[in-house]
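Spelled out, the chains give:
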Amino acid sequence: MASTAASISKALANNLNRRGGVSAAAVASFQAKCLPPLPPYFSSSAAAISEPPLTSSQPQDKQKGSRWSKLLLFVPGGITFGLGTWQIFRRQDKIEMLEYRQKRMDLEPISGNILAPSSDNLDALEFRRVLCKGLFDEKSIYVGPRSRSISGVTENGYYIITPLTPIPSNPESVQFPILVNRGWVPRSWRDKSVDVSQDDERLSSTAPSFAQDNGKYSWWRFWSKNPNIVQEQIAPVTPVEVVGVIRGSEKPSIFVPANDPSSGQWFYVDVPAIARACGLPENTIYIEDINENVNPSRPYPIPKDVNMLIRSSVMPQDHLNYTLTWYSLSAAVTFMAFKRLMPKKNR
């Protein structure tokens, strides 16, 4: 603006000089009367406008904001590094747990006749092998579905859990009922058991009463000299011997549905609930059959493999893979943060 005013005044002065000559004083008085005064922050010697001065608090706030933004860039790297370190401790804990299970399995099996329903010694007895003798009850619980791969073919089935009851007047058998996970059975087993239970209900509802029988056949019994007494044939019950491992309830994941005892739907092993469904105390001992002597003529149920009992859903090698993954991710995001904070080169 100052240069524009000076050029205007110079042009007017030259025009007046050509017309007859005007003194410099007249030109100065003309400029003072016609041109407005310039603001104080304009300089007549420079065309740039000077900015108002910044206060002292503004640079400090900008420095604090930039410092925090730089630190936030390293937060993802610190979190992923901590997760990788946590997996190292988890791996060590898993190794110790598997070694503890293996040592317990290597101990001599205990006799089942000394087992008593108690929740106090369950932790001390878990993963101990036990030798039990008794009689299997007719009622069983099917837990599943559980898949089983045979030669690359996956087949759905269930785990069958049956109470093992004491043998009368036999001191070597179990003295209290226990729950036995007999192993894996195909789906047809559960379907047959449902059909049999429905048939029993229908027969019980349609069976004639004892009073009706007396009224219908009393005349025959009166005239018959040698009445035939028909006795109910009871199938002989064979005692069984179970070699199992004492276990506890399963811990289902968030994706496993809840059990529904009223409809007979069991998705995971809940020992107290299954014991109540079988009419047993909640502190009933639960074992899993590991007997490898399977009768070829009766291959089902298939007992659990001992190695599967020692294994875990997440093995130490898996924790090691997780550790390498988290550390790699931490190195990547930290490198990106340093790359972001490096000064850009001037072109």
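Conventions and cut-offs
- Residues numbered from 1 in each chain as written.
- Predicted model: local features only at pLDDT ≥ 70, side-chain atom pairs only at ≥ 80, totals over all residues.
- Heavy atoms only, no water.
- Helix = DSSP H or I, 4+ residues; strand = E, 2+ residues; numbered from the N terminus.
- Buried < 20%, exposed > 50% of the residue type's maximum accessible area, 1.4 Å probe, protein only.
- Salt bridge = Lys/Arg side-chain N within 4 Å of Asp/Glu carboxyl O.
- Phe/Tyr/Trp six-rings, centres within 6.5 Å; stacked < 30°, edge-to-face > 60°.
- Lys NZ or Arg CZ within 6 Å of the ring centre and 35° of its normal.
- Contact = heavy atoms within 4.5 Å.
- Expected span 1.5 Å × (residues − 1).
- Patch = residues over 30% accessible without salt bridge, like charges linked within 9 Å, V, L, I, M, F, W, Y side chains within 5 Å.
- Areas by Shrake-Rupley, 256 points an atom, 1.4 Å probe, with all protein chains shown as cover.
- Pairing = 2+ DSSP bridges.
- UniProt positions renumbered as here; feature names shortened; annotations may be inferred.
- Polar contact = N/O pair within 3.5 Å; in protein donor to acceptor, adjacent residues only side chain to side chain.

Engineer: Even after reading the chapter, I still don't get unusual backbone geometry, so can you show me in this structure?
Structural biologist: Residues apart from glycine generally show negative phi values, whereas peptide bonds are mostly found in trans. With an omega of 10°, the peptide bond running from Gly144 to Pro145 counts as cis. Within the secondary structure layout, Pro145 lies in strand S3 (residues 141-150). Each neighbour pair has its own omega, and for Tyr300 with Pro301 the value is -5°, a cis peptide bond. Relative to the helices and strands, Pro301 resides in the loop between strand S7 (286-289) and helix H9 (306-310). We note that Ser169 has phi near 55°; this positive angle belongs to a residue other than glycine. Relative to the elements of secondary structure, Ser169 occurs in the loop between strand S4 (153-165) and strand S5 (178-186). Assessed through its relative accessible area of 79%, Ser169 is described here as exposed.

Engineer: Help me understand the environment of Ser253, please; the structure alone is not making it clear to me.
Structural biologist: Topologically, Ser253 is positioned in the loop between strand S6 (240-247) and helix H8 (271-277). You can call Ser253 partly exposed: its relative accessible area is 40%. Between the alpha carbons of Ser253 and Tyr268 there is a distance of 9.8 Å; along the sequence they are 15 residues apart.

Engineer: Would you take a moment to explain the pattern of salt bridges for this structure?
Structural biologist: Side chains that carry opposite charge are capable of pairing whenever their charged atoms lie near each other. Applying the stated criterion to the full structure yields seven salt bridges. Of the charged contacts in the structure, one is a salt bridge between Glu241 and Lys133, with a shortest N-O distance of 3.9 Å. Note that Glu241 is positioned in strand S6 and Lys133 in strand S2 (residues 129-136), a separation of 108 residues in sequence. In this structure, Glu288 and Lys304 form a salt bridge, with 3.2 Å as the shortest nitrogen-oxygen distance. A residue pair is termed long-range when its members are at least 10 positions apart, and Glu288 in strand S7 and Lys304 in the loop between S7 and H9 qualify at 16 residues. Pair check on accessibility: Glu288 and Lys304 agree, each one buried. In this structure, a network of salt bridges that share partners links the residues Glu126, Arg247, Glu288 and Lys304.

Engineer: Honestly, the packing of aromatic side chains in this entry has me stumped. Any pointers?
Structural biologist: The geometry of an aromatic ring pair is captured by the separation of the ring centres together with the interplanar angle, meaning the angle of the planes. Applying the stated criterion across every chain, the model contains four aromatic pairs. Here Tyr142 and Tyr158 contribute two aromatic rings whose centre-to-centre distance is 6.4 Å and whose plane-to-plane angle is 85°, an arrangement assigned as edge-to-face. In this pair, Tyr142 sits in strand S3 while Tyr158 sits in strand S4, placing the two residues 16 residues apart along the sequence. The two residues Tyr142 and Tyr158 agree in class, both being buried. Arg148 extends its terminal NZ or CZ atom over the ring of Trp184, reaching a point 5.3 Å from the ring centre.

Engineer: Help me understand the environment of Ile290 in this model?
Structural biologist: As for its position among the elements, Ile290 is in the loop between S7 and H9. In this structure the C-alpha to C-alpha distance between Ile290 and Asn181, which are 109 residues apart in sequence, comes to 9.3 Å. Filtering out sequence-adjacent residues up to four positions away, Ile290 remains in contact with Met105, Arg129, Val243, Gly244, Val245, Pro303, Lys304, Val306 and Leu309.

Engineer: Got a minute to help me understand helix H4 (residues 75-105) in this structure?
Structural biologist: An α-helix turns once every 3.6 residues. As a result, residues three or four positions apart point the same way. Between the first and last C-alpha of H4 there are 45 Å, a value that for 31 residues agrees with the 45 Å anticipated at 1.5 Å per step. Where H4 is concerned, the buried positions are Gly77, Thr80, Gly84, Gln87, Lys94, Leu98, Arg101, Arg104 and Met105. On the buried face of H4, the contacting elements are helix H5 (122-125), S2, S6, H9 and helix H10 (316-341).

Engineer: How do you make sense of a nonpolar patch on the surface when you look at a structure like this?
Structural biologist: Side chains of Leu72, Val75 and Ile79 sit close together on the surface and give an oily, nonpolar patch of about 280 Å² of accessible area. When you line up the elements, Val75 lands in helix H4.

Engineer: Hey, could you run me through the pairing of S2 in this one?
Structural biologist: Side-chain direction in a regular strand flips from residue to residue, so the side chains alternate between the two faces of the sheet. Note: strand S1 (residues 110-111) against S2, two bridges, orientation parallel. Directly across from Ile110, in S2, lies its bridge partner Val130. Where S2 meets S6, six bridges bridge the pair, whose relative direction is antiparallel. In the sheet register, Arg129 faces S6, and the bridge partner there is Val245. Relative to S4, S2 runs antiparallel, the two being bridged by two bridges. Following the sheet pairing, Phe136 is matched in S4 by Leu164.

Engineer: It is not clear to me how the UniProt feature "transmembrane region" (unreviewed entry) in the protein chain should be interpreted in this structure. Could you clarify?
Structural biologist: Per the UniProt entry, the sites bearing "transmembrane region" (unreviewed entry) are residues 71-89 in this numbering. Helix makes up 89% of residues 71-89 and strand 0%, whereas the separation of the span's terminal C-alpha atoms amounts to 27 Å.

Engineer: So what exactly am I meant to see when it comes to the side chain of Asn259 here?
Structural biologist: Within the element layout of this structure, Asn259 appears in the loop between S6 and H8. A polar contact is formed between the side chain of Asn259 and the backbone nitrogen of Phe267, at a distance of 2.7 Å. Looking at Asn259, its side chain comes within polar contact range of the main-chain oxygen of Tyr268, at 3.2 Å. For Asn259, the contacting residues outside a window of four places in its chain are Gln265, Trp266, Phe267, Tyr268 and Asp270.

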